[in-house]
Amino acid sequence: MDTGIKDTVHPVEAASVMRLLPARPRVLALGEPTHGEDLLLDVRNELFRQLVEQEGYRTIAIESDCLMGVVVDDYVTSGRGTLDEVMERGFSHGWGASAANRELVRWMRAYNDGRPASERLRFAGLDGPLEISHAASPRQALTALYGYLAARVDADSLPCDAETLDRLLGADDRWANPATMMDPSQSVGRSAEARQLLLLADDLVALLDAQTPHLIAMSSRDDWERARLYGRAATGLLRYHYWMADTSPGRMPRLLGLRSSMIAANLLAVAERGPALVHAHNAHFQREKSTMRMGDLPFEWWSSGAIVRAHLGEGFAFLATALGTIRHQGVDTPPPDTLEGLLYALPEDRYVVDARRLAAALGGARPALRVSPWFGYAPLDPAHLAGYDGIVFVKDVPRR
């Protein structure tokens, strides 16, 4: 193996990561190339633990429903509920069944025990209240936002009463209809009620912003920030449902872009609170445009990371994760001419790679793009190498 490539490799530890960066970023993102492998989450947990203890990060956020994440945050900050309840009700996409996620929550709670509020770790979900097959009803977010405001401002300031809101929302299952993803005609997102709800949601968010000094004085900054979360989720969901009802060729890229925007808005809100560690799929954090093809139609949209990078500049940093094998999923030893193949030839089981020094060591040579036989694993694109602040490489991911 070329000595220049060997010199780009460092242990997976906080000190190695920070040496790759010009300064401590406000948002440090760690991506993963596949979901559902607890070994990768174990690596995340240990690295995040070191970054919290050595570098002062105070929020950990993952690719899970932002509204469900409130349950986890309440537990790790104040001990509300039990660990079993939190793992069941605090995560979307089945992430609550992960032993590594359970260990993360357990450790965060133990870390906070006995610490003053200013030093406690916070938890956040980054994703919208969305699943692959459908989007949630906006009821939870809208009613929580409305309730927060109704308890603290004059009734005359509110754009409607609670009964009107309830009537317009109707039954939740009509919003969360999984048939809508493939059949836009099933969506209620462009009904008269949905259009009115979007206007009301915008008015409630505007009222929340206009009354900021009063609301923080009447409650707390934490309560106000949570109300802002409800506002982001409500307006994001209503826009998502609106475009679920669209029948034009722009429907899918619009939906994908809206999800990215929702994640980016949650990332920026977390960053306002202080330095944050965030974890999601690599694709959500890349600086380049995301692409997808559905049949003959190519789609493009900006990822959440690209949006946040545009806002924060060097305040956002991204470590991509790559791996060698997931043999139980049919992902075998990478070809030696691929990026993963070059890294797999190194003797260490896992390490952090200085991506920019690696690009320099390769000179003008570009490794081949690895082709994954399994749709669930996305290899790194060598063309994006210079866009990574670092790469965490895990050689083999065994079945658990």
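Quick look at the structure, then. These figures come from a predicted structure and were not determined experimentally. (Residues numbered from 1 in each chain as written. Predicted model: local features only at pLDDT ≥ 70, side-chain atom pairs only at ≥ 80, totals over all residues. Heavy atoms only, no water.)

**Describing empty space enclosed by the protein**
Turning to step 1, where the next piece is worked out: By the definition in use, this model includes two cavities of 30 Å³ or more.
Turning to step 2, where the next piece is worked out: Every residue lining the largest cavity is counted, 19 residues in all, and those nearest its centre are A124, E225, L229, R232 and R273.
Turning to step 3, where the next piece is worked out: Secondary structure elements with two or more residues in the lining of the largest cavity: α4 (69-78), β4 (122-127), α11 (221-244) and α12 (251-273).
Turning to step 4, where the next piece is worked out: Among the elements that make up the lining of the largest cavity, the one with the highest residue count is α11 (six residues). (1 Å grid on protein atoms, 1.4 Å probe; cavity = no way out; pocket = protein on both sides within 12 Å on 5 of 7 lines; lining within 4 Å. Points joined across faces, edges and corners; volume = space filled by probe spheres on them. Helix = DSSP H or I, 4+ residues; strand = E, 2+ residues; numbered from the N terminus.)

**Some words on the sheet that holds strand β1 (residues 9-10)**
Turning to step 1, where the next piece is worked out: Spatial strand order, β1-β9-β10-β8-β2-β5-β3-β4: eight strands in an open sheet with mixed pairing. Looking at strand neighbours, the two that pair on one side only are β1 and β4, the edges of this open sheet.
Turning to step 2, where the next piece is worked out: Here strand β3 (residues 59-65) runs beside β4; their pairing, made up of five bridges, is parallel. Across the sheet, the residue bridging to A61 is A124, located in β4.
Turning to step 3, where the next piece is worked out: This element, α4, spans β3 and β4 of the sheet and lies at about 170° to β4. (Pairing = 2+ DSSP bridges. Contact = heavy atoms within 4.5 Å. Axes fitted to C-alpha atoms, helices over the stretch in contact; angles between N-to-C directions.)

**Quick word on the pattern of salt bridges**
Turning to step 1, where the next piece is worked out: Enumeration over the complete set of coordinates arrives at 23 salt bridges.
Turning to step 2, where the next piece is worked out: Put simply, E300 and K289 hold a salt bridge, and the shortest N to O gap is 3.6 Å. One end of the pair, E300, is in strand β7 (residues 297-302); the other, K289, is in strand β6 (residues 289-294), with 11 residues separating them in the sequence.
Turning to step 3, where the next piece is worked out: A single network of salt bridges, built from pairs that share partners, joins D73, D74, R80, R122, D222 and R226. (Salt bridge = Lys/Arg side-chain N within 4 Å of Asp/Glu carboxyl O.)

**Some words on the packing of aromatic side chains**
Turning to step 1, where the next piece is worked out: Evaluated as defined, the whole model comprises eight aromatic pairs.
Turning to step 2, where the next piece is worked out: With 5.8 Å between their ring centres and 70° between their planes, F91 and F123 make a pair best called edge-to-face. Of the two residues, F91 is situated in the loop between α5 (83-89) and α6 (99-112) and F123 in strand β4; the sequence distance between them amounts to 32 residues. You'll find F91 and F123 in the same group, each marked buried.
Turning to step 3, where the next piece is worked out: Aromatic ring contacts, followed pair by pair, group F285, F316, F318 and Y388 into a single cluster.
Turning to step 4, where the next piece is worked out: Looking at R190, its charged tip hangs above the ring of W243, at a distance of 5.0 Å from the centre. (Phe/Tyr/Trp six-rings, centres within 6.5 Å; stacked < 30°, edge-to-face > 60°. Buried < 20%, exposed > 50% of the residue type's maximum accessible area, 1.4 Å probe, protein only. Lys NZ or Arg CZ within 6 Å of the ring centre and 35° of its normal.)

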